[in-house]
Amino acid sequence: MEKIYKIAIAICLAISILLFPVSVLLTATGLILTGTLAMVIHITESAGEAIDRPVLFVFLGEDGRSFVIRNIGNAAASGIHVSVVPSNLEYIIERIDADGEEKTDCGQLIGKNRVIIEYADEAGKRYSKSEDLRFEDDCEYDPTKPMIPIFK
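Residues numbered from 1 in each chain as written. Predicted model: local features only at pLDDT ≥ 70, side-chain atom pairs only at ≥ 80, totals over all residues. Heavy atoms only, no water.

Asker: Break down the pattern of salt bridges for me, with residues and values.
Answerer: Evaluation of the coordinates by the stated rule reveals 5 salt bridges. The closest approach of N and O atoms between E122 and R95, which form a salt bridge, is 3.9 Å. Of the two residues, E122 sits in the loop between β6 (114–120) and β7 (126–132) while R95 sits in strand β4 (residues 89–96), which places them 27 residues apart along the sequence. Residue R95 is classed as partly exposed on the basis of its relative accessible area, which comes to 46%. Between K129 and E131 there is a salt bridge; the shortest N-O distance is 3.6 Å. (Salt bridge = Lys/Arg side-chain N within 4 Å of Asp/Glu carboxyl O. Helix = DSSP H or I, 4+ residues; strand = E, 2+ residues; numbered from the N terminus. Buried < 20%, exposed > 50% of the residue type's maximum accessible area, 1.4 Å probe, protein only.)

Asker: Provide a residue-level description of a nonpolar patch on the surface, including the pertinent values.
Answerer: A cluster of nonpolar side chains, I7, I11 and I15, forms an exposed patch at the surface whose accessible area comes to about 270 Å². With respect to the helices and strands, I15 occurs in helix α1 (residues 3–18). Taking the relative accessible area as the measure of exposure, I15 reaches 47% and is therefore partly exposed. (Patch = residues over 30% accessible without salt bridge, like charges linked within 9 Å, V, L, I, M, F, W, Y side chains within 5 Å. Areas by Shrake-Rupley, 256 points an atom, 1.4 Å probe, with all protein chains shown as cover.)

Asker: Describe in detail the packing of aromatic side chains, supporting the description with residues and values.
Answerer: For the structure on display, the rule yields 3 aromatic pairs. The interplanar angle of 65° and the centroid separation of 5.6 Å between the aromatic rings of F67 and Y91 together place this pair among those described as edge-to-face. Of this pair, F67 sits in strand β2 (residues 66–71) while Y91 is found in strand β4, placing the two residues 24 residues apart along the sequence. The class of F67 is buried, set by a relative accessible area of 0%. Among the residues examined, Y91 registers a relative accessible area of 18% and is labelled buried. (Phe/Tyr/Trp six-rings, centres within 6.5 Å; stacked < 30°, edge-to-face > 60°.)

Asker: An account of the environment of A38 is needed here, citing residue identities and associated values.
Answerer: Mapped onto the secondary structure, A38 falls in helix α2 (residues 24–51). A residue is classified by how much of its surface remains accessible, and A38, at 25% relative accessible area, is partly exposed. Remark: the alpha-carbon pair of A38 and G61, spanning 23 residues in sequence, is separated by 46 Å.

Note that all results are geometric; they support no functional claim without further evidence.
Structure, rendered in structure tokens:
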């Protein structure tokens, strides 16, 4: 956390404590606002780590003999190693750009297997992901889907 942010939080905290003789309600309000400011600063500083990161999403192709890897992140993924278990298939893909996809033909029906993906971002940080291989319609990824179902 930068020094200016620490100073701003300390000033807000000092003002909140100085308001205690005036009113407990004003003190509580000041502490809530100070906490909110601290959370906003923390989220803002840590957002840079999550923004420029590749996120790979895998699903079966229409024919069931291929799979598609889609990069739904904001950075390119490189050095992608894909293992399809228990079919004993391994593939290496050099690079998938942000919002890009790569279709890989397996030459055989692969069905619902488990896929293990290992990849790196542009800075060289390694990521690993393991998920079941399903058709695109059956996959769980939907950025507009609410976490708690409202209507059934």
